[in-house]
Structure formats: structure tokens, C-alpha cells
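Residue strings, one per chain:
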Amino acid sequence: MSMIRLRGVHKTFLEGNRRHVVLDGTNLEIEAGQTVALLGRSGSGKSTLLNMVSGIDVPDAGEVIVCNENIACLGESARTLFRRHHVGFVFQFFNLIPTLTVLENLLLPVELAGKLNNVARERAADLLARVGLADRAASYPEQLSGGEQQRVAVARAVIHRPSVLLADEPTGNLDEAASSAVLDLFAELVSASDVTLLMVTHSREIAGRCSRVLELRDGVAHELQVQGT
Ligand SMILES: Nc1ncnc2c1ncn2[C@@H]1O[C@H](COP(=O)(O)OP(=O)(O)OP(=O)(O)O)[C@@H](O)[C@H]1O
Ligand SMILES: [Mg+2]
């Protein structure tokens, strides 16, 4: 089953009088349960593409079908609801809310979706244990290391059991050991929940851990051969 499908996606940004074509008829098809790495030089449009898939932004033309819904046709509030139910997002700079504790950060997506109940609280406790931070529930983000914050962010991204997990350079700000722990966590969560993962990375080594590797070049996604590990 196709989980993410882009058909003829165009996205142009205006900078003064200059038109900057970022996505130029991009096609992409990702099956449910695949883990896909997205490579491409800085400015090639990787974050722009992720924003299309999550419905944060919409294309100028083309279809963006995620979980069988063409989200390019939805209004902003419908896209927000869509995102809250179907998408998890992990950012390079963690994006935890500094005034909320680790547990409150973790529960925020379920609270926003109006599903904060005992089942969600149990899942939060279970996820915190799985990311190795069971004893840090009451800590604030600034009291955690970067790697610990990112493990909380990964747990937060999956707490509502999204069908699609998007990550934009999730290890770009971490050292090798912390990076490796975060990638192990992604692998564990993906295999436990058969979520579909689309991850932007600059690292070919990280890309090698994914089932498919794409490179965004000149606004088009090219399939690369996965190196055998
Ligand atoms: N809101 C915006 N307004 C104007 N230009 C934008 C906007 N968002 C992105 N761009 C431009 O679109 C191009 C692609 O940006 P994008 O952030 O998708 O690149 P990227 O591949 O994620 O790069 P990086 O690896 O540096 O994160 C860039 O040239 C950027 O300047
Ligand atoms: Mg980017």
C-alpha cells in the first residue's frame, strides 16, 4: 500500500522579483512500512518536501497523497488536524517546549488531539522507559543533554501512533554516540509499529540503515542504490 505519494509537485518561492523553483514536478512513492533516507545538497529542497508531506505547506501544483488523502486540497485547519492524527515530526534542534517538563512535552501531541487519558499516560511512561529516560519525567529540556532531548523528541513524535514519521536531520546536532543511540531508537520504534519513515540526512552511513535512499537534485527525487551493509 502506498503511504506517501507525490505527483507532479511544484513549489516556487519568490525572493524579491526572482522566482526560485525548488520542487519541479517531483514524483515520489513510498510504501507503508518503508524507511527512506532523503539526501541532497543544502538548499535542494529537502525540508520543503517534508513540509509538503506533513501538510505544513502546500504545493503550487501537484498532488500530495498521504494516508490516502490528497492533503494539497485541504485548508489549513484540516491539514493541522490531519498532521495531529497521522504525522510525527523530529527536527534537528529537538524543538521541545522549554517551559514544559519531559513528560508534559511527551504528552503534548495527545493533549492537542484531545486524547489525553490513562492509556496515553501509560504509553508515555512506557516510551520514556524505552528511550532510557524513565527517571527524567519531571526534568526540563534544558536539564538534558542534546542526545537525551532528541530521544524525548523521538518519543513525542510517535506517542500518538502516527502512520508517517518525518525527521529532518535528526542527528545533525549530535555527536557520534548520541546519534547512534537516536538511530537505534528510530529503528526499534519503526519495527515495533510499522510506521513509514522519511528522514532527511547528510550522512550516507545513516542512509545505509534505511531501506531506500533518494537524492533530491534539481527539484526531482532520484533513487540511489543502497550500499550493502
Ligand atoms: N519560506 C521560504 N521563502 C523563500 N524561500 C524559501 C522558503 N523556504 C525555503 N526557501 C528556499 O528554498 C530552497 C530550499 O530550501 P530547503 O530548506 O527546502 O532546503 P534543504 O534541502 O532543506 O537545505 P538544508 O540542507 O540546508 O536544510 C532554499 O533555496 C531556500 O532559500
Ligand atoms: Mg533543510
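Computed from a predicted model, the values in this text were never measured in an experiment.

## Description of the sheet that holds strand 3 (residues 35-39)
Part 1 of the reasoning: Here we have six strands laid out as an open sheet, ordered 6-7-8-3-9-10, and mixed in their pairing. Both outer strands of the open sheet, strand 6 (87-90) and strand 10 (220-224), are each paired with one neighbouring strand and no more. Neighbour to neighbour, the strand axes of the sheet diverge by 20 degrees on average, direction disregarded.
Part 2 of the reasoning: Across four bridges, the pairing between strand 3 and strand 9 (residues 212-217) is parallel. The residue bridging Val-36 from the neighbouring strand is Arg-212, located in strand 9.
Part 3 of the reasoning: This element, helix 5 (residues 146-158), spans strand 6 and strand 7 (164-168) of the sheet and lies at about 170 degrees to strand 6.

## Comments concerning the sheet that holds strand 1 (residues 2-15)
Part 1 of the reasoning: Taken in spatial order, the four strands make up an open sheet running 2-1-4-5, and their pairing is antiparallel. Each edge of the sheet is formed by a strand with only one pairing partner; in this case those strands are strand 2 (18-31) and strand 5 (69-70).
Part 2 of the reasoning: The pairing of strand 1 with strand 2 spans eleven bridges and is antiparallel. Considered in strand 2, the bridge of Phe-13 is made with His-20.
Part 3 of the reasoning: Those strands touched by helix 1 (residues 46-54) are strand 1, strand 2 and strand 4 (61-66), and its axis lies near 125 degrees from that of strand 1.

## Re the pairing of strand 3
Part 1 of the reasoning: Within strand 3, five of the five residues are buried, which leaves the element mostly enclosed by the surrounding structure.
Part 2 of the reasoning: Of the two faces of strand 3, both are covered, the one formed by Thr-35, Ala-37 and Leu-39 as well as the one formed by Val-36 and Leu-38.
Part 3 of the reasoning: Where strand 3 lies against strand 8 (residues 196-200), four bridges are found, and the strand directions are parallel. Considered in strand 8, the bridge of Leu-38 is made with Val-200.

## Looking at unusual backbone geometry
Part 1 of the reasoning: Backbone geometry at Asn-68 places phi at a positive 65 degrees, although glycine is not the residue there.
Part 2 of the reasoning: Along the chain, the position of Asn-68 falls in the loop between strand 4 and strand 5.
Part 3 of the reasoning: Residue Asn-68 is classed as exposed on the basis of its C-beta count, with 10 C-beta atoms lying within 10 Å.
Part 4 of the reasoning: Unlike most non-glycine residues, Asn-95 shows phi in positive territory, near 55 degrees.
Part 5 of the reasoning: Judged by the 14 C-beta atoms lying within 10 Å of it, Asn-95 is partly exposed.

## Regarding the packing of helix 5 against helix 6 (residues 176-193)
Part 1 of the reasoning: Relative orientation of the contacting elements helix 5 and helix 6 amounts to 15 degrees, with a least axis distance of 9 Å. As judged from the angle between their axes, helix 5 and helix 6 are roughly parallel. The crossing of helix 5 and helix 6 is right-handed. Here helix 5 contributes Gly-146, Gly-147, Gln-150, Arg-151, Val-154 and Val-158 to the contact with helix 6, which in turn contributes Ala-178, Ala-181, Val-182, Leu-185, Phe-186, Leu-189 and Ser-193.
Part 2 of the reasoning: Considered class by class, the residues forming the contact of helix 5 with helix 6 number eight nonpolar, four polar and one charged.

## Concerning the site of ligand 1
Part 1 of the reasoning: In the region of ligand 1, the neighbouring residues are Phe-13, Glu-15, His-20, Val-22, Gly-40, Ser-42, Gly-43, Ser-44, Gly-45, Lys-46, Ser-47 and Thr-48.
Part 2 of the reasoning: At the level of secondary structure, the elements contributing two or more residues to the shell around ligand 1 comprise strand 1, strand 2 and helix 1.
Part 3 of the reasoning: In terms of residue count, helix 1 provides more of the shell around ligand 1 than any other element does, three residues in total.
Part 4 of the reasoning: Of the residues that constitute the shell around ligand 1, the class distribution is two nonpolar, eight polar and two charged.

Calculation rules
Residues numbered from 1 in each chain as written. Chains lettered and ligands numbered in written order. Predicted model: local features only at pLDDT ≥ 70, side-chain atom pairs only at ≥ 80, totals over all residues. Pairing = 2+ DSSP bridges. Helix = DSSP H or I, 4+ residues; strand = E, 2+ residues; numbered from the N terminus. Axes fitted to C-alpha atoms, helices over the stretch in contact; angles between N-to-C directions. Contact = placed C-beta atoms within 7 Å. Buried ≥ 20, exposed ≤ 12 C-beta atoms within 10 Å, placed from the backbone. Parallel < 35°, antiparallel > 145°, perpendicular 65-115°, else oblique. Left-handed = near helix turned anticlockwise from the far one by under 90°. Nonpolar A, V, L, I, M, F, W, Y, C, P; charged D, E, K, R; others polar. Near = placed C-beta within 6 Å.

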